Amino acid sequence: MKKNSFLFSAKGILTAAFLSLNAVTYAQKTADISTVSEKALSSILEKNRSYYTQGKVADYIPELGKMDAKAIALSVVDKNGNIYNTGDVHKKFTMQSISKIIALMIAVNEKGEAHIFDKMGYFGSDKPFNHFSNLETIGKPLNPMMNAGAILTTSLISGEGEKPFLKILDMVRYITKNPGIDYSKSVYESEKSTGHRNRGMFYLMKNNGLISGNEDQLDNYFKQCSIELTAEDLAKIGYFFAHQCVRFDGDDKYKNTEVAKLVESQMLVAGMYEFSGEYARTVGLPSKSGVGGGITVSVPGKIGIGVFSPSLDQHGNSLAGYHMILDMVKQYGLSIF
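None of the values given here were measured: they were computed from a predicted structure.

A. Main features of the overall build of the chain. Along the chain, the regular secondary structure elements total 13 helices and 9 strands. Against the compact-globule benchmark of 20 Å for 337 residues, the chain has a radius of gyration of 22 Å, which places it among compact chains. Along the longest, intermediate and shortest principal axes, the C-alpha atoms of the chain span 85 × 45 × 40 Å. Per-residue burial over the chain gives 54% buried out of 337 residues.

In structure tokens, the structure reads:
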């Protein structure tokens, strides 16, 4: 009996040692994010450059269709605010849906979370970003990341005329510390002239009593989507929300843990359109994409990532951008799960 007990114990020890060794071996497969370098980012970019051939540049907004499908950039702002860039980092593109997280932050700061989410849900979605979803049934947008919810969010920012848009633009300039950021007049005009579906959502919500203003409010939404920036600017935005709304240089003027949690949670459940569920499984990080080809990523408490490649998958997400982020996650063990 004692002999069997001894053998059983020895076997248990060996099994535990084996599992422990495997865990160490697995841990060694991921690098420390503090070792990130432009050389490492360049390697990731080059590995994924060709994915643009599998997607398509957005052309339902004519001006977006003029983007160079081969353009690609990757940027990281590390925990200490240091910036690492590779690729076409000076190439500008429009924020599109990424602007929604900035508008949400401003609206909640002004009116409070309860007021904003009394008019919309916290839900994820299995529908495209421009789907009418449940506007015709329960009358409220599913979340502030789909177009309907984002249009409503911007309409809830205080101020007449283009004041709400200017607040969004100023906040983007502040977060990126880039006062030269502006919106593209040509993209704005293109969005306005073709945005009939968004116009339909606007008037459905007006009919439901959620919106009381006129189309100036919708123009503000078109303008915010047309704000131009770079992959580096997106990395700074990712860093901002990853660090409780503190800027990459340490400026804590807007520090707010709860707002950061709210924005990041919405990015996680709905930031990648109807791909968000699968993205949460494969990448596992709060992210927001835009049909201009950009994606901003927040690694809570750590870094911000910005990617750009205008060739999109069927969901409206950057193909090469997604795969660059996926490789970053695998190489540095970044998933929150």
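B. Local environment of the pairing of strand β2 (residues 73-77). With 5 of its 5 residues buried, β2 lies for the most part within the structure. Alternating residues of β2 divide into A73, S75 and V77 and L74 and V76, and every residue in both groups is buried. Pairing of β2 with strand β3 (residues 83-87) involves 5 bridges; the strand directions are antiparallel. Note that in β3 the partner of L74 across the bridge is T86. The hairpin turn running from β2 into β3, its antiparallel successor, is 5 residues long, and G81 in that turn takes a positive phi close to 85°. Summarising the sheet, β2 and strand β8 (residues 304-308) pair through 5 bridges and their orientation is antiparallel. Across the sheet, L74 pairs through a bridge with V307, a residue of β8.

C. Looking closely at the sheet that holds β3. Strand order in this open sheet of 5 strands is β3-β2-β8-β7-β6, and the pairing throughout is antiparallel. Edge positions in the open sheet fall to β3 and β6 (287-289), since each of these has one partner strand only. Adjacent strand axes in the sheet meet at a mean angle of 10°, parallel and antiparallel pairs treated alike. Contacts from helix α10 (residues 231-242) reach β2, β3, β7 (294-298) and β8 within the one sheet, and its direction differs from that of β8 by about 150°.

D. How the structure looks around the packing of helix α6 (residues 163-176) against helix α9 (residues 216-225). Taken N-terminus to C-terminus, the directions of α6 and α9 make an angle of 20°; their axes are 8 Å apart at the nearest point. Judged on the interaxial angle alone, α9 and α6 are roughly parallel. Regarding α6 and α9, the two cross each other, and that crossing is right-handed. Of the residues in α9, those touching α6 at P164, F165 and I168 are N220, K223 and Q224. A per-class count over the contact of α6 with α9 returns 3 nonpolar, 2 polar and 1 charged.

E. Representation of the environment of Q266 within the structure. The topology assignment puts Q266 in helix α11 (residues 257-270). A residue is classified by how much of its surface remains accessible, and Q266, at 2% relative accessible area, is buried. Taking the C-alpha atoms as reference points, Q266 and K167, 99 residues apart in sequence, are found 21 Å from one another. The contact partners of Q266, leaving out residues within four places of it in the chain, are L104, Y122, N143, P144, M145 and G271.

F. Quick look at the environment of S265. By the element assignment, S265 lies in helix α11. S265 gets classed as partly exposed once you look at its relative accessible area, which sits at 34%.

G. Fine view of the pattern of salt bridges. Overall, the coordinates contain 14 salt bridges when judged by the stated rule. K177 is paired through a salt bridge with D249; the nearest N and O atoms lie 3.0 Å apart. Linking K177 in the loop between α6 and α7 (185-194) with D249 in the loop between α10 and α11, this pair joins segments that are 72 residues apart in sequence. Through salt bridges that share partners, K177, R247, D249 and D251 make up one connected network.

H. Looking closely at the nonpolar core. Membership of the largest hydrophobic core comes to 59 residues, with the highest contact counts inside it found for I101, I102, M205, I227, I237 and F241. Elements with a minimum of two residues in this core: α3 (99-111), α4 (113-117), α5 (147-155), α6, α8 (196-207), α9, α10 and α11. Tallying contributions element by element places α3 first for this core, with 8 residues.

I. Quick look at the packing of aromatic side chains. Going through the model one piece at a time under the given rule, you end up with 11 aromatic pairs. Between Y183 and Y188, the aromatic rings sit 5.9 Å apart at their centres with planes inclined by 80°, giving edge-to-face as the arrangement. For the pair Y183 and Y188, one class covers both residues: buried. Counting every residue linked through ring pairs, the aromatic cluster contains F165, Y183 and Y188. A cation over a ring is seen here: K185 above Y183, with NZ or CZ 4.4 Å from the ring centre.

Reading the values: the criteria
Residues numbered from 1 in each chain as written. Predicted model: local features only at pLDDT ≥ 70, side-chain atom pairs only at ≥ 80, totals over all residues. Heavy atoms only, no water. Helix = DSSP H or I, 4+ residues; strand = E, 2+ residues; numbered from the N terminus. Rg over C-alpha atoms; globule rule 2.2 N^0.38 Å. Buried < 20%, exposed > 50% of the residue type's maximum accessible area, 1.4 Å probe, protein only. Pairing = 2+ DSSP bridges. Axes fitted to C-alpha atoms, helices over the stretch in contact; angles between N-to-C directions. Contact = heavy atoms within 4.5 Å. Parallel < 35°, antiparallel > 145°, perpendicular 65-115°, else oblique. Left-handed = near helix turned anticlockwise from the far one by under 90°. Nonpolar A, V, L, I, M, F, W, Y, C, P; charged D, E, K, R; others polar. Salt bridge = Lys/Arg side-chain N within 4 Å of Asp/Glu carboxyl O. Core = buried A, V, L, I, M, F, W, Y, C linked by side-chain atoms within 4.5 Å. Phe/Tyr/Trp six-rings, centres within 6.5 Å; stacked < 30°, edge-to-face > 60°. Lys NZ or Arg CZ within 6 Å of the ring centre and 35° of its normal.

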